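# A structural walkthrough
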Amino acid sequence: MKINIINRSQHTLPHYETEASAGMDLRANLTESITLKPLERTIVKTGLFIELPIGFEAQVRPRSGLAAKKGITVLNAPGTIDADYRGEIGVILVNLSNEDFVIENGERVAQLVIAKHERAQWVEVEELSETARGAGGFGSTGVK
């Protein structure tokens, strides 16, 4: 699949690190570093602008290494970039650790996954079909 992209950053285009990778790393495009204090959030710009085909979205997801090692994650994970959005890709990061975290220019801050999606049409009905689960939710499956 080919996707139009404008790269106004100082960095190479996002790319797959391995043949089986689902996501591509997004890098911070900064003129100066950002210090993210515990429980603080910020939007990190990437310098990237994309044009997705209709029927696809780009999902901004946390990087597992940053989350596990530093407590840094994407606040609205996964963030969705719609096919009609033409603005700069920004990543909403939050520091869930007890220590300051410094974001440097070029830091890999998130990953981007391109995903196909469907559009739903609602059909109003008076009742839904029965299932074994029924209305049980929030941890109800597998409970004995």
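The structure this text deals with has already been given above.
Here is a short report on the structure shown in this document. (Residues numbered from 1 in each chain as written. Predicted model: local features only at pLDDT ≥ 70, side-chain atom pairs only at ≥ 80, totals over all residues. Heavy atoms only, no water.)

### Let's talk about the pattern of salt bridges
Throughout the structure, instances matching the rule amount to three salt bridges. Residues Asp100 and Lys37 are paired through a salt bridge, measuring 3.6 Å at the closest nitrogen-oxygen approach. With Asp100 in the loop between β9 (90-95) and β10 (101-103) and Lys37 in the loop between β3 (34-36) and β4 (41-45), this pair connects stretches of sequence that are 63 residues apart. The exposure class of Asp100 is partly exposed, given its relative accessible area of 46%. When salt bridges that share partners are traced, they join Asp25, Arg63 and Arg108 into one network. (Salt bridge = Lys/Arg side-chain N within 4 Å of Asp/Glu carboxyl O. Helix = DSSP H or I, 4+ residues; strand = E, 2+ residues; numbered from the N terminus. Buried < 20%, exposed > 50% of the residue type's maximum accessible area, 1.4 Å probe, protein only.)

### Thoughts on the sheet that holds β9
Taken in spatial order, the three strands of this open sheet run β4-β9-β7, and their pairing is antiparallel. In this open sheet, the two edge strands, each paired with only one partner strand, are β4 and β7 (72-74). Averaged over all neighbouring strand pairs, the angle between strand axes comes to 35 degrees, with direction disregarded. In terms of strand pairing, β7 meets β9 through three bridges, oriented antiparallel. Considered in β9, the bridge of Val74 is made with Leu93. (Pairing = 2+ DSSP bridges. Axes fitted to C-alpha atoms, helices over the stretch in contact; angles between N-to-C directions.)

### Observations regarding empty space enclosed by the protein
Evaluation of the coordinates by the stated rule reveals one cavity of 30 Å³ or more. Of the pockets and cavities examined, the largest cavity occupies roughly 100 Å³. Considering the residues around the largest cavity, the lining is formed by Ser9, His11, Thr12, Leu13, Pro14, His15, Glu17, Asp25, Arg27, Thr46, Leu48 and Arg108. (1 Å grid on protein atoms, 1.4 Å probe; cavity = no way out; pocket = protein on both sides within 12 Å on 5 of 7 lines; lining within 4 Å. Points joined across faces, edges and corners; volume = space filled by probe spheres on them.)

### Here's the deal with the sheet that holds strand β8 (residues 79-81)
Spatially, four strands are ordered β2-β11-β6-β8 in an open sheet, and the strand pairing comes out antiparallel. Pairing within the sheet leaves two strands with one partner each, and these edge strands are β2 (24-27) and β8. Neighbour-to-neighbour, the strand axes of this sheet turn through a mean angle of 35 degrees, independent of strand direction. Here strand β6 (residues 56-61) runs beside strand β11 (residues 108-116); their pairing, made up of six bridges, is antiparallel. The partner of Gln59 across the bridge, within β11, is Val113.

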